[in-house]
Amino acid sequence: MTREAVVAVDRAALQHNVDVLRRAVAPAAVMAVVKANAYGHGAVESALAFEEAGVDWLGVVDLDEAVALREGGVDASILSWLHAPGETFERAAAFRITPAVSDLEQLEACAAAGVPAVHLVIDTGLSRNGATSSEWPALFDRAAELAGVVEIEGLMTHLSNTSPHEDGHQMAAFVRAVGLLAERGITPPLQHLAASAAALSYQASRITMVRFGLAMYGLSPFDDRASADLGLRPAMTLSAPVIGIKAVPAGEGTSYGYTWRASVDTRLALLPIGYADGIARHAGNSAQVLLGGRMRPVVGRVAMNALTVDIGPDDPADPVRLGDEAVFWGDEAAGHPTAADWADATGTINYEVVATLSPRLPRSCR
Ligand SMILES: Cc1ncc(COP(=O)(O)O)c(C=O)c1O
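So, how was this worked out
- Numbers given to residues run from 1 along each chain, matching the order in which its sequence is written.
- With pLDDT at 70 or above as the cut-off, local features in this predicted model cover only qualifying residues; side-chain atom pairs require 80 or more to be listed or tallied, and sums for whole chains, interfaces and linings still use all residues.
- Calculated side-chain values reflect all of the structure's heavy atoms, with hydrogen atoms and water omitted.
- For each residue, the test is whether any non-hydrogen atom lies within 4 Å of the molecule or strand; if one does, the residue is near.
- Polar contacts, as used here, are pairs of N or O atoms within 3.5 Å; protein pairs need one atom able to donate a hydrogen and one able to accept it. Residues neighboring in sequence count only if both atoms are side-chain atoms.
- Shrake-Rupley sampling with a 1.4 Å probe provides the accessible areas, and residues are treated as covered by the protein chains on show and by no other component.
- Strands are runs of DSSP state E lasting at least 2 residues, helices are runs of H or I lasting at least 4, and numbering of each runs from the N terminus.
- Residues are sorted three ways: Asp, Glu, Lys and Arg are charged, Ala, Val, Leu, Ile, Met, Phe, Trp, Tyr, Cys and Pro are nonpolar, and all the rest, Gly among them, are polar.
- The source of the domain bounds is an automatic or database domain assignment.
- Here, two residues are considered to be in contact whenever any of their heavy atoms come within 4.5 Å of each other.
- Here the buried area means the combined drop in accessible surface, using a 1.4 Å probe, for two parts upon being joined, counting both sides.
- Think of a salt bridge as a Lys or Arg side-chain nitrogen and an Asp or Glu carboxyl oxygen that are within 4 Å of each other.

(A) Main features of the site of the ligand. Close to the ligand lie 13 residues; Lys35, Tyr39, Ser196, Arg211 and Tyr351 are nearest. The separation between an oxygen atom of the ligand and a polar side-chain atom of Ser196 is 2.5 Å. With respect to the ligand, the backbone of Leu214 contributes an N or O atom lying 2.8 Å from an oxygen atom. When the ligand sits alone it has 400 Å² of accessible area, and the protein chains cover 91% of it. Sorting the residues of the shell around the ligand by element identifies helix H2 (35-39) and strand S9 (209-212) as the ones contributing at least two each. Here the residues of the shell around the ligand are counted per class, giving 8 nonpolar, 3 polar and 2 charged.

Shown next, in the form of structure tokens:
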């Protein structure tokens, strides 16, 4: 009997999603965003699956993540876009990683490190990384001066997904920046601003490349559309075995603070997974798992390494046995609860449900 929770990642689902998304945005190129341990799916395995399915680019946050992919045998083009002050970019040159640079200092450092090509990151309204519009002229002038030293292969920004109006405003700013670059003789072949939601919402957002994160893993970025509505297959199934079954009489509580007490004589199944593994602490008394063919509630507080599920009184017609696997979330088409169900139950979004799963949980990708 396996005694561990397991993150099973369906490689065929990842590759199916590449096909669906590629067709949805053609002729734009497609980047698979594999930052944050590939949204909890396992960075190297997911990146290799995406690479095999023919994505054009992989996207990560920083050089640490990019180098880990190269060391894991990933060969595809990799873009990384968030860098600390003082970054020298020597690893970018050594590991064939393309930095997306936000300012003059980063551009100069790339030139000095012998990085052959970069993307420029511009801030069109998110107010995070990226050059703000007042900085564009100086950055673009210097980019033009560095022609022949560093190729400006791409221009990128990131949308706030606030509303079509706000997104339109950002897209218009991006078009202005493309014009300013063109005035300096630079037309980056890769112009990209859309992530999953925008790419699937506005054709005009796709330009020459789309950066798909969530949708690549088969999850929907929309509140009102499920994975299947988008033709996507959720790739991750999180499960854990029942390692204990205990009868509890009516009135008995479970876990810290007795936030739940049995209203009738019942039984609790103990599962070896908790908030140290990435299960939200407040999933207790709100989320459900699929166990023994039925949805059953997580009851009491989720502890650091364990949680309990109410499996009802002993009933031969409704058995749950030691070693049975409880599914936390997976593919709705298989009758599983979804990451979106867990997000609703715990007051967050499906992104956070999968991305906060601990890297120490064993993962399989096949
Ligand atoms: C710069 C950038 N591009 C693309 C993505 C992918 O976003 P999504 O998962 O919504 O597709 C992210 C994720 O936050 C990002 O930070």
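Next, the rest of the story.
(B) Examining the domain arrangement of the protein more closely. Under the domain assignment used here, the protein contains domain 1 (11-218) and domain 2 (236-365). Each of domain 1 and domain 2 was reduced to a C-alpha centroid, and the two centroids are 38 Å apart. Across the contact, 9 residues belong to domain 1 and 8 residues belong to domain 2. Of the roughly 870 Å² buried between domain 1 and domain 2 on both sides combined, carbon and sulfur atoms contribute 65%. In this assembly, domain 1 and domain 2 are joined by 0 salt bridges. Summed over the shared surface of domain 1 and domain 2, the number is 1 residue pair in polar contact (both at pLDDT 80 or more). Looking at the side of domain 1 that touches domain 2, the elements that each hand over two or more residues are helix H1 (11-25) and H2. In terms of residue class, the side of domain 1 that touches domain 2 is built from 3 nonpolar, 4 polar and 2 charged.

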